[in-house]
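Okay, here's what each chain looks like letter by letter:
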Amino acid sequence: MLKGQQSWWFNNKPVIIGASSVVGPDEGEGPLAEDFDLIHPELDMQQKSWEKAERLLLEQATNFAIRHAGLKKDDIQFYIGGDLMNQIISNSFAARSIGAPYIGTFGACSTSMETLAIAAQLVDSGNAQYAMAGTCSHNCTAEKQFRYPTEYGSQKPPTAQYTVTGAGAAVVAPTGDGPVVECATIGKVMDLGITDPFNMGAAMAPAAVDTIQAHFNDTGRQPSDYDLIVTGDLATVGHPIAKELLLRNGVPMNDTIFNDCGLMVYNVNKQKVQAGGSGCGCSAVVTYGHLLKKLARGELKRILVVATGALLSPLSFQQGESIPGIAHAVAIAGKGV
């Protein structure tokens, strides 16, 4: 199972038999709108608080994923989830409605691939028949917790990113129809001393580079083995930094398509999203809503999703701490590849 220093190789190739994505209005105006299961026209989603709206997103995404898998809630043996809120309350409260044994995780915006890697590990090792991974974020809850309440109307610099309002979930099983999870590389915490919470792309870029290089070193693969390598939410600032660092380190990223979920989820040049998308929901809705469909249609054969996260908190920022970064990578291939 362990491949190299920090990668898991799944010999039994667990299958993603059901996945879903539910988003808010801004994501529904982006280029991937037709790939989402449900688009909410309003940010409040007829809930009494932003936090309850975020929880609703996740509950709906998990329900869609279970339905797409042809299962019932009682069939899910483990649910692995996390989010950006203090004590990951969106997932902890949503887990009540799922009713499965719950493993809560926190990887900031890298949570989508962290949870998928754990779900695949449980299934591949025979410790679960059906495991579900899920995560979510909401623009207004993240703004309120990490920056300023939406009502404050603060002006943001161009380097700031726009938290995706969305949730994604995937059900993993030993067999079935769907793309397979081939391997995962668990990232290390990287910290280059960046302290600006409005420049998280630059803070996370070194972690993405480190995990991508570790993945290639551990697995013996190269960029050309993938039709697409996509980072989580480095956006217009962090993604060019990551590409430059990889090329400088001798990694031939020009041999594949190298993109970023934060650039894909919005029309960055037309929508008012600053540098692009971020948040736990960013890589989740792009992967589970858009990329898995391209794998199913045969438009992509093998992808590497490198979800990135900034491991800061309001408390650490107030104490003048720098922003540690993390990235987790999961390789997903179309059926029969």
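Our structure is the block above this text.
S.K.: Explain the environment of Arg 221 residue by residue, including any values.
M.R.: Tracing the chain through its elements places Arg 221 in the loop between α6 (200-219) and β11 (228-231). Apart from the residues lying within four places of it in its own chain, the contact partners of Arg 221 are Trp 9, Glu 182, Cys 183, His 215, Phe 216, Tyr 226, Arg 302 and Ala 331. Only 3.0 Å separates the side chain of Arg 221 from the side chain of Glu 182, close enough to count as a polar contact.

S.K.: Explain the side chain of Arg 302 residue by residue, including any values.
M.R.: Considering the arrangement of structural elements, one finds Arg 302 in strand β14 (residues 302-310). A residue is classified by how much of its surface remains accessible, and Arg 302, at 17% relative accessible area, is buried. At 2.8 Å, the side chain of Arg 302 forms a polar contact with the side chain of Glu 182. Beyond its immediate chain neighbours, meaning those up to four positions away, Arg 302 contacts Glu 182, Arg 221, Asp 225, Tyr 226, Asp 227, Leu 228, Leu 295, Ile 332, Ala 333 and Val 337.

S.K.: Quick one: what's the story with the pairing of strand β10 (residues 180-185), residue by residue and with numbers?
M.R.: Of all 6 residues in β10, 6 are buried; the element is thus mostly enclosed. Sheet topology places strand β2 (residues 7-9) next to β10; 3 bridges connect them, and they run antiparallel. Paired with Ser 7 across the two strands is Thr 185, which belongs to β10. In terms of strand pairing, β10 meets strand β15 (residues 325-333) through 5 bridges, oriented antiparallel. From the neighbouring strand, Val 180 faces β15, where its bridge partner is Ala 333.

S.K.: Kindly report on the packing of helix α2 (residues 50-68) against helix α3 (residues 89-98), identifying the contributing residues and their values.
M.R.: With their axes 9 Å apart at the nearest point, α2 and α3 run at an angle of 45° to one another. It follows that α2 is oblique to α3 by the angle criterion. α2 and α3 meet at a crossing whose hand is right-handed. Each of Glu 54, Arg 55, Leu 58, Glu 59 and Thr 62 in α2 lies in contact with α3, whose residues at this interface are Ser 90, Asn 91, Phe 93, Ala 94, Arg 96, Ser 97 and Ile 98. Across the contact of α2 with α3, the residue classes break down as 4 nonpolar, 4 polar and 4 charged.

S.K.: I'd like to hear about the pattern of salt bridges, residue by residue, with values.
M.R.: On inspection of all chains with the given rule, the structure shows 6 salt bridges. Between Glu 182 and Arg 221 there is a salt bridge, with its nearest N and O atoms 3.0 Å apart. Placement of Glu 182 in strand β10 and of Arg 221 in the loop between α6 and β11 is noted, with a sequence separation of 39 residues between them. Accessibility classification places Glu 182 together with Arg 221 in one group, the buried group. Between Arg 248 and Glu 244 there is a salt bridge; the shortest N-O distance is 2.7 Å. Residue Arg 248 and its partner Glu 244 are located together in helix α7 (residues 235-248), separated by 4 residues, close to a single helical turn. The exposure class assigned to Glu 244 is partly exposed, which follows from its relative accessible area of 46%.

S.K.: A description of α3 should follow, citing residues and the corresponding values.
M.R.: Within the sequence span of α3, burial applies to Ser 90, Asn 91, Ala 94, Ala 95 and Ile 98. Seen from one end, α3 has its buried residues packed into an arc of 130°, which puts them on one side. Next to the buried residues of α3 lie α2, β5 (78-82), β6 (102-104) and β7 (131-137).

S.K.: I'd like a description of the nonpolar core, backed by residues and values.
M.R.: Of all hydrophobic cores here, the largest spans 45 residues; its most connected members are Tyr 288 and Leu 291. Here this core takes 8 residues from helix α9 (residues 280-296), the largest share from any one element. Grouped together as the second largest cluster of nonpolar side chains are 28 residues, Met 45, Phe 64, Ala 69 and Val 171 included.

S.K.: Tell me about the environment of Pro 223, and please be specific about residues and values.
M.R.: If you trace the backbone, Pro 223 turns up in the loop between α6 and β11. With relative accessibility at 0%, the residue Pro 223 sits in the buried group. Taking the C-alpha atoms as reference, Pro 223 lies 22 Å from Gly 201; in sequence the two are 22 residues apart. Residues in contact with Pro 223, not counting those within four places in the same chain, are Phe 216, Ile 229, Val 251, Pro 252, Met 253, Asp 255 and Thr 256.

S.K.: Describe in detail the packing of α2 against helix α5 (residues 139-146), supporting the description with residues and values.
M.R.: For the pair α2 and α5, interaxial distance at closest approach is 8 Å and the crossing angle is 135°. In terms of their interaxial angle, α2 and α5 are classed as oblique. The way α2 lies across α5 gives a crossing that is left-handed. Along its contact with α2, which presents Trp 50, Glu 51 and Glu 54, the element α5 presents Cys 140, Thr 141 and Lys 144.

S.K.: With reference to specific residues and values, describe the packing of aromatic side chains.
M.R.: Geometry of an aromatic ring pair is reported as the spacing of the ring centres plus the angle between the planes. Across all of its chains, the model carries 2 aromatic pairs by this definition. A centroid spacing of 6.0 Å and a plane angle of 15° characterise the contact between Tyr 79 and Tyr 102, whose relative ring orientation is stacked. A residue pair is termed long-range when its members are at least 10 positions apart, and Tyr 79 in strand β5 and Tyr 102 in strand β6 qualify at 23 residues. Arranged with centres 5.8 Å apart and planes meeting at 80°, the rings of Tyr 162 and Tyr 266 form a pair that is edge-to-face. Remark: Tyr 266 occurs in the loop between α8 (261-264) and β13 (277-278) and Tyr 162 occurs in strand β8 (residues 162-163); sequence separation between them is 104 residues.

Here is what the cut-offs are and how they apply
- Residues numbered from 1 in each chain as written.
- Predicted model: local features only at pLDDT ≥ 70, side-chain atom pairs only at ≥ 80, totals over all residues.
- Heavy atoms only, no water.
- Helix = DSSP H or I, 4+ residues; strand = E, 2+ residues; numbered from the N terminus.
- Contact = heavy atoms within 4.5 Å.
- Polar contact = N/O pair within 3.5 Å; in protein donor to acceptor, adjacent residues only side chain to side chain.
- Buried < 20%, exposed > 50% of the residue type's maximum accessible area, 1.4 Å probe, protein only.
- Pairing = 2+ DSSP bridges.
- Axes fitted to C-alpha atoms, helices over the stretch in contact; angles between N-to-C directions.
- Parallel < 35°, antiparallel > 145°, perpendicular 65-115°, else oblique.
- Left-handed = near helix turned anticlockwise from the far one by under 90°.
- Nonpolar A, V, L, I, M, F, W, Y, C, P; charged D, E, K, R; others polar.
- Salt bridge = Lys/Arg side-chain N within 4 Å of Asp/Glu carboxyl O.
- Arc of directions from axis to C-beta.
- Core = buried A, V, L, I, M, F, W, Y, C linked by side-chain atoms within 4.5 Å.
- Phe/Tyr/Trp six-rings, centres within 6.5 Å; stacked < 30°, edge-to-face > 60°.

Scope: geometric values only; no functional claims are made or implied.
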